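Architecture at a glance
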Amino acid sequence: MATQTRDRTVERPLNVVLRPSSPAEAAFRSAVLAPGFEPAAGLNLEYLGGKTLPQLTFTMVYLGAWDPGDRAQLDRAVPAAMTDPGLNDVLAQYFPGRPVSTAFAGSRTYANVVPARLDKPDVERLVAELDTSGALAGLDFALSVVCLLLPRKVVLAEGEVSSEVGLGGYHGSVHLRRNGRRRQAVYYSVAVYSEGSNGIVAFDEPWKNVCATLYHELQEVRTDPDVEDAIRAGHTPAAARLLGWYSPRAGEIGDIPIAETHGDIGLAMKEVPLADGSGTVPVQLLWSNRVGGPEGPATS
């Protein structure tokens, strides 16, 4: 682990014995606070008792018209980021003794015309339409996330906030009645095609912005899937019990790093090398309790 002084990064003295080349040694020696951040352990995530998803399945649904090249890049990069051992090591600290894994259930298209502007009720209706149409057949909704990818120029809104003023996406859940049975929670995330003044632009190609947004949202669903139900519950004891890993002072695992950039988004949005040496993926760095801040890419 590392802490930062005014002019350099200093490795924290170890007080444990570690088997050489073991996962334990890798975790202790590679966890580094990302450059540009100061440690802020007071913002650390706390487990509040709600559901979490260490084993996660996701599908990506491309809404409307998409460039085949963008789709191919995202079909490669998002699963690669979500299954990378180095990136998953950051998540492992929140699931002690439980393996962290991700399965990609493939991508799908939904060619219906997409409105120029969507708000949360529109998004939830889309999830219901996909379920009714059979497009989500085969997914175990208790473990799965439906990722909605908006086409170019479509504006996403949440209340009074929209992608025209910096909203990149969000995640939530909608409760659907399936085949007349009890209502089933369906987890979803939605991502803006971020370019120009729409969404969050951090990279040189829009698909990379989408990839980083989806990575952010999927890891938030993994660590805090029922936050939408907590919001619906309002200021009640039941609301707090629905939250998983959450910082009472700062929010979810992906939101805290963004806030701590203080507007310099490039500090948290990075192209990081994959552990298998096959290239890089654009992601957003996540909050790590073990370094008290956004954790940088693993180092030897």
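Residues numbered from 1 in each chain as written. Predicted model: local features only at pLDDT ≥ 70, side-chain atom pairs only at ≥ 80, totals over all residues. Heavy atoms only, no water.

1. A word on the overall build of the chain
- A tally of regular secondary structure across the chain gives eight helices and 16 strands.
- Of all 300 residues assigned to the chain, the portion counted as buried reaches 50%.
- Put simply, of all contacts in the chain between residues at least 6 apart along the chain, 72% involve residues at least 24 apart. (Helix = DSSP H or I, 4+ residues; strand = E, 2+ residues; numbered from the N terminus. Buried < 20%, exposed > 50% of the residue type's maximum accessible area, 1.4 Å probe, protein only. Contact = heavy atoms within 4.5 Å.)

2. Some thoughts on the sheet that holds strand E9 (residues 161–162)
- Strand order in the open sheet formed by three strands is E6-E8-E9, with mixed pairing between adjacent strands. Two strands bound the open sheet, and with one partner strand each, they are strand E6 (117–118) and E9.
- Looking at chain direction, E6 and strand E8 (residues 155–158) are connected through two bridges and run parallel. Across the sheet, the residue bridging to Leu-118 is Leu-156, located in E8. (Pairing = 2+ DSSP bridges.)

3. Some words on helix H3 (residues 85–92)
- All of the buried residues along H3 are Leu-87, Asn-88, Val-90 and Leu-91. Buried residues of H3 fall within an arc of 140 degrees about the axis and therefore sit on the same side.
- Buried residues in H3 make contact with helix H2 (68–83), helix H5 (206–223), strand E13 (269–273), strand E14 (280–284) and strand E15 (287–288).
- For H3, the N-terminal cap is Asp-84; the gap from its side-chain oxygen to the backbone nitrogen of Gly-86 is 3.1 Å. (Arc of directions from axis to C-beta. Polar contact = N/O pair within 3.5 Å; in protein donor to acceptor, adjacent residues only side chain to side chain.)

4. Considerations on the pattern of salt bridges
- Going through the model one piece at a time under the given rule, you end up with 13 salt bridges.
- The salt bridge partner of Asp-75 is Arg-71, with a shortest N-O separation of 3.7 Å. Here Arg-71 and Asp-75 lie together in helix H2, a separation of four residues that amounts to about one turn.
- Residue class for Arg-71 comes out partly exposed when judged on its relative accessible area of 24%.
- Between Lys-208 and Glu-271 there is a salt bridge; the shortest N-O distance is 3.1 Å. With Lys-208 in helix H5 and Glu-271 in strand E13, this pair connects stretches of sequence that are 63 residues apart.
- Glu-271 gets classed as partly exposed once you look at its relative accessible area, which sits at 37%.
- Salt bridges linked by common partners bring Asp-204, Glu-205, Lys-208 and Glu-271 together as one network. (Salt bridge = Lys/Arg side-chain N within 4 Å of Asp/Glu carboxyl O.)

5. Focus on the environment of Gly-244
- Mapped onto the secondary structure, Gly-244 falls in the loop between helix H7 (237–242) and strand E12 (245–246).
- Judged by relative accessible area, Gly-244 falls into the buried class, the value being 0%.
- Spatially, the C-alpha atoms of Gly-244 and Pro-225 are 7.3 Å apart, while their sequence positions differ by 19 residues.
- Setting aside residues no more than four positions away along its own chain, Gly-244 makes contact with Glu-46, Tyr-47, Leu-48, Gly-49, Gly-50, Lys-51, Thr-52, Thr-223 and Asp-224.

6. Brief notes about the confidence of the model for the chain
- For the chain, per-residue confidence averages 89 on the pLDDT scale, and 87% of positions sit at 70 or higher.
- Note that residues 1–14 has pLDDT below 50 and, in this model, 29 contacts with residues that lie over four places away or in other chains. (pLDDT = per-residue confidence, 0-100.)

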